[in-house]
Amino acid sequence: ATAVLAIGTAGGWLTREALLAIVFVTGSARAFEQTTMTTLLPGIAPASLLSRATAAGASATQIAVIGGPAMGGLLYAVSPILVYALCCTLYFTSSILISNVKVERNASSREPVSIAVLFAGFRYIRHNPIILGIISLDLFAVILGGVYALLPVFARDIFHAGPWGLGLLRASPGVGALIAAIILTHRPPRQWVGRIIFSAVGI
């Protein structure tokens, strides 16, 4: 998908239908990727190091979530083809590297599918309001995350800035997230944490 984006952008032949097909392919791949990444770590990390490996993996993911879009936005200001080509190269490299990873332990056997098993997650969430709050926050973040799709419109039609402006707009959320992370690391909220987070998401 990223190779087609790079080639199509360079050739100027990308159409709306082609973009929708690329989004479909990417979304389908990510659906499998998320599940695989969740179950991969317990299979390759020793049990004694699993908690540390999970923390390291989560930290690396956050760094990528913050730094990736920021770097991509700045590179997009140079050339969108560069961004797509770099993504394609990184995907290809990671595919080669992950193919050499050997799973040491198989997943534990699952319970047979039943109504009780199906609703076990809902019962757990009902008895753990913190989990419900976290899931709700993530739901709203995903819904409001669609604002990124509007950035090209703002760059072109409102700011009249072109690719350079779009690059800065795309980098801004990553920079803001990094600043917020630094502030919260040094001065984390001590009281009314839930209300503060929900209010921030609401605003």
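Right above here is the structure, for reference.
What you are looking at is a predicted structure, and each value in this text was computed from that prediction instead of being measured.

## Some thoughts on unusual backbone geometry
A positive phi is found at His 160, a non-glycine position, where the angle reads about 50°. Its place among the elements puts His 160 in the loop between helix H7 (151–158) and helix H8 (162–186). You can call His 160 exposed: its relative accessible area is 64%. A positive phi is found at Trp 192, a non-glycine position, where the angle reads about 50°. Tracing the chain through its elements places Trp 192 in the loop between H8 and helix H9 (193–202).

## A short note on the environment of Ala 77
Its place among the elements puts Ala 77 in helix H3 (residues 50–78). It is 46 Å that separates the C-alpha atoms of Ala 77 and Tyr 124, two residues lying 47 residues apart in sequence. Among all residues touching Ala 77, those that are not within four sequence positions of it are Pro 163, Trp 164 and Gly 167.

## A few points about the packing of H3 against helix H4 (residues 80–99)
Orientation of H3 relative to H4, taken along the N-to-C sense of each, is 135°, at an axis distance of 6 Å. Relative to H4, H3 is oriented oblique. Contact residues: Gly 72, Leu 75, Tyr 76 and Val 78 in H3; Pro 80, Leu 82, Val 83, Tyr 84 and Leu 86 in H4.

## Examining a nonpolar patch on the surface
A cluster of nonpolar side chains, Val 147, Tyr 148, Leu 150, Val 153, Phe 154, Ile 158 and Phe 159, forms an exposed patch at the surface whose accessible area comes to about 620 Å². Positionally, Ile 158 belongs in helix H7. The class of Ile 158 is partly exposed, set by a relative accessible area of 47%.

## Some details on the side chain of Thr 2
Examined against the element boundaries, Thr 2 turns out to sit in helix H1 (residues 2–11). For Thr 2, the contacting residues outside a window of four places in its chain are Tyr 84, Cys 87, Cys 88 and Tyr 91.

## Overview of the environment of Leu 74
By secondary structure assignment, the location of Leu 74 is in helix H3. Separated by 94 residues in the primary sequence, Leu 74 and Leu 168 have C-alpha atoms spaced 6.2 Å apart. Each residue touching Leu 74, except ones within four places of it in the same chain, is listed here: Gly 167, Leu 168 and Ala 171.

Thresholds applied
- Residues numbered from 1 in each chain as written.
- Predicted model: local features only at pLDDT ≥ 70, side-chain atom pairs only at ≥ 80, totals over all residues.
- Heavy atoms only, no water.
- Helix = DSSP H or I, 4+ residues; strand = E, 2+ residues; numbered from the N terminus.
- Buried < 20%, exposed > 50% of the residue type's maximum accessible area, 1.4 Å probe, protein only.
- Contact = heavy atoms within 4.5 Å.
- Axes fitted to C-alpha atoms, helices over the stretch in contact; angles between N-to-C directions.
- Parallel < 35°, antiparallel > 145°, perpendicular 65-115°, else oblique.
- Patch = residues over 30% accessible without salt bridge, like charges linked within 9 Å, V, L, I, M, F, W, Y side chains within 5 Å.
- Areas by Shrake-Rupley, 256 points an atom, 1.4 Å probe, with all protein chains shown as cover.
- Salt bridge = Lys/Arg side-chain N within 4 Å of Asp/Glu carboxyl O.

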